[in-house]
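# Coordinate inspection notes
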Amino acid sequence: MIAATVFSYGLGALIGLAWLLPLLNAAAGYPWMIAALRRGRVKTAIVRMLVWGAVLGACATVMGYAWPLHAERLILHGEAYRREMFAFVLTGQGAEGDPRQFLPQHAGHAALFCLLAIATGSALAMPLGAVLMNYMGFYVGALAAASTHPWRAAVLAWVPWALIRVASFVVLGVVLGAPLLARVFRFSYRLRDEWRWIALALAGLAADALLKWLLAPSWRLLIRSATGW
C-alpha cells in the first residue's frame, strides 16, 4: 500500500492532470481498507488508512519542498492554500486564526466527507481526503523551502489540531463507508456496533476546532520564528 501510494504521485506527475491525482491516491489505498473490512477488522482498516494518510502528507510535503513548480501545477488548491497560509504566518490575518471563518469551513468539509463516505462507500470520500492532505502537505513543503530552519518549520507547520482532524476523518471514512461496502461485498457489518469509533472521531473534530481557536495565534509565532521571516 505504501509503495502504491508513493507510485501514485509519480504516475500523477507523469500524466500531469491535477484532477486525476487524488483519484490515483485513493486507488492506492482503497482496496486495502476493503480487504480489512471484509475480514471484520475495522481497527486494521483504520490503521491502514492512517498510514495511507501519513504517506500522502509526506509525499505532498516532499513535492512542495523539492519540486514546488511541478507540485503547484499538480496539486489542486495547493498554491491558493500556500498563499493563504504564508499570509497568515506573516501577518496573523486570515481564516486560520479566525473561528468565524474556519469553523464553517471545517463543518462543511466534515459534512461533505461524511455524506460521500455513506453514499459511495468512501469511494469518493477518499479522493476528497487526498485533496485536503495534498494541499496541506504542499504548503508545509513550500514553507520549509522558504525557511532558514526547514525541518523545524515543517514539523511546526503540521500543527497538532490538523493531525487530529486528519485522524478523525480517517475514522469516519472507514466506519461510515463500511455499510455500503458490506452490502456490495456481502460481509457482516453493523454501524451501531462502531459507535465508539464515531464518538472518538466527533470528539477529535471538536478538539481540532478548540485547539485551533486557542493555539493558532501563538503557534503562528513559533512557525514564523522557524522561517526566519
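The structure we're discussing is the one just above.
Residues numbered from 1 in each chain as written. Predicted model: local features only at pLDDT ≥ 70, side-chain atom pairs only at ≥ 80, totals over all residues. Heavy atoms only, no water.

Here we come to the overall build of the protein chain. On a plain count of helices and strands, the protein chain comes out with 10 helices and zero strands. For 229 residues, the compact-globule estimate of 2.2 N^0.38 gives 17 Å, and the protein chain sits close to it at 18 Å. Along the first, second and third principal axes, the C-alpha atoms of the protein chain reach 55 × 40 × 25 Å. The buried share among the 229 residues of the protein chain stands at 50%. Of all intrachain contacts in the protein chain linking residues separated by at least 6 positions in sequence, the fraction that spans at least 24 positions is 76%. Roughly 11,100 Å² of accessible area belongs to the protein chain as shown, and the carbon and sulfur atoms make up 70% of that amount. Charged side chains of the protein chain number 19 positive and 8 negative; the gap between the two group centres comes to 9 Å. (Helix = DSSP H or I, 4+ residues; strand = E, 2+ residues; numbered from the N terminus. Rg over C-alpha atoms; globule rule 2.2 N^0.38 Å. Buried < 20%, exposed > 50% of the residue type's maximum accessible area, 1.4 Å probe, protein only. Contact = heavy atoms within 4.5 Å. Areas by Shrake-Rupley, 256 points an atom, 1.4 Å probe, with all protein chains shown as cover. Lys, Arg positive; Asp, Glu negative; His and termini not counted. Charge placed at Lys NZ, Arg CZ, Asp CG, Glu CD.)

The contact between helix α7 (residues 125-145) and helix α8 (residues 150-157) brings their axes to 8 Å, and the two run at 155 degrees. Judged by the angle between their axes, α7 and α8 are roughly antiparallel. Relative to α8, α7 is oriented so that their crossing is right-handed. Touching Tyr-139, Val-140, Leu-143 and Ala-144 of α7 are Pro-150, Ala-153, Ala-154 and Ala-157, all from α8. (Axes fitted to C-alpha atoms, helices over the stretch in contact; angles between N-to-C directions. Parallel < 35°, antiparallel > 145°, perpendicular 65-115°, else oblique. Left-handed = near helix turned anticlockwise from the far one by under 90°.)

In this section: the nonpolar core. Met-33, Leu-37, Met-49, Met-136 and Tyr-139 are the most contacted members of the largest nonpolar core, which totals 72 residues. Among the elements that make up this core, the one with the highest residue count is α7 (15 residues). Those residues in contact with Met-136 that sit more than four places away from it in its chain are Tyr-81, Trp-158, Ala-162, Arg-165 and Val-166. (Core = buried A, V, L, I, M, F, W, Y, C linked by side-chain atoms within 4.5 Å.)

Per the stated rule, a full pass over the model turns up six salt bridges. For Arg-165, the salt bridge goes to Asp-208, with nearest N and O atoms at 2.9 Å. Of the two residues, Arg-165 is situated in helix α9 (residues 160-185) and Asp-208 in helix α10 (residues 195-227); the sequence distance between them amounts to 43 residues. Take Arg-165 and Asp-208: they sit in the same class, and that class is buried. (Salt bridge = Lys/Arg side-chain N within 4 Å of Asp/Glu carboxyl O.)

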